[in-house]
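Here is what each chain is made of, one letter per residue.
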Amino acid sequence: MELEWTGERIIPKSMKPTNGMLLEHVARYYFAAPYVRGRVLDIACGVGYGSHMTAKERKREVTEIVAVDNDAETLLYAEREYHHQKIVYVQGDALDPALPERLGTFDTILSFETIEHVEDDRLFLGQLLRMLRPGGALVLSSPFGRGRGEPTSEPFHTHQLTSEQFRELFEGLPGVEFYYQRGPTFEREPREGVRYFLGVAVYRMPK
């Protein structure tokens, strides 16, 4: 079975190593690596290359990675191409209210390029927080766009939050750090006159 890159789901083995979108996706997993430890959830893992990267990069810190996606065919590909003894691939819906009970809790949760695909971004964040252990870290990215409920040019996206809405999503959570991605690089503070297409939030659950 072979999967073809559609412009949305990243499949490294069918893309050039210099593909800009691939480099940006890989950069997000490297950015998150220092936060990764213990039992890890990679929600909407796609073909599993990022989970596999994380398992190898943080082999001493990781005990298990639960890599979840809603597409069965994609997970079969992941099992074949990105098998690792510490990774368990699971089919599931990010908004399924039974998912937290089914999966349990985690020390680290990674959510890259997922929130723009769901109807209710607040519910989605709530799902993740239910699964985050005290002292655990959540690393979540979102592309920026016209805003919640507004149309997007991306056919697979429900909507894309504005940068302000993205920050507001985490209101009430102490100590959230925000970063802005431009290509494969990340900046702590946005520079005046520079347009950023994606943001990353890092939240550490109080112990």
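Here is a short report on the structure shown in this document. Predicted, not measured: the structure shown is a model, and the values here were computed from it. Throughout, a residue's number is its position along its own chain's written sequence, starting from 1. Only residues with pLDDT of at least 70 get local features here, since the model is predicted, and only at 80 or more are side-chain atom pairs given and counted; chain-wide, interface and lining totals rely on the full set of residues. Excluding hydrogens and water, the side-chain figures rest on all heavy atoms present in the structure.

## Describing the pairing of strand β5 (residues 132-143)
Argument step 1. Residue burial is assigned from relative accessible area. The probe radius is 1.4 Å, only protein chains are included, and a residue is buried under 20% of its type maximum, exposed over 50%, and partly exposed in between. Numbering of helices and strands starts at the N terminus; helices are DSSP runs of H or I of at least 4 residues and strands are runs of E of at least 2. In terms of burial, β5 is largely enclosed, as nine of its 12 residues are buried.
Argument step 2. Strand direction decides the pairing type here: strand β4 (residues 106-111) and β5, joined by five bridges, are parallel. Residue pairing for β5: Phe106 is matched across the bridge by Leu132.
Argument step 3. A crossover counts as right-handed when, viewed with the strands pointing away from the observer, the path leading from the first strand over the helix to the second turns clockwise. Once the chain exits β4 it traverses helix α5 (residues 121-131) before rejoining the sheet at β5, and the crossover so formed is right-handed.
Argument step 4. DSSP-based pairing: two strands are paired if at least 2 bridges between them are found. Of the strand pairs in this sheet, β5 and strand β8 (residues 198-204) are connected by seven bridges, and their pairing is antiparallel. The partner of Ser142 across the bridge, within β8, is Gly199.

## As for helix α3 (residues 72-81)
Argument step 1. Listing the buried residues of α3 in full gives Thr74, Leu75, Tyr77 and Ala78. Taken around the axis of α3, the buried residues stretch over an arc of 155°, which confines them to a single face.
Argument step 2. What makes two residues a contact is simply this: any of their non-hydrogen atoms within 4.5 Å. Residues of α3 that are buried in the fold lie against β2 (62-69) and β3 (87-91). Of all possible arcs, the one meant is that of the directions from the helix axis to the C-beta atoms.

As far as function goes, none of this settles anything; it's purely spatial.
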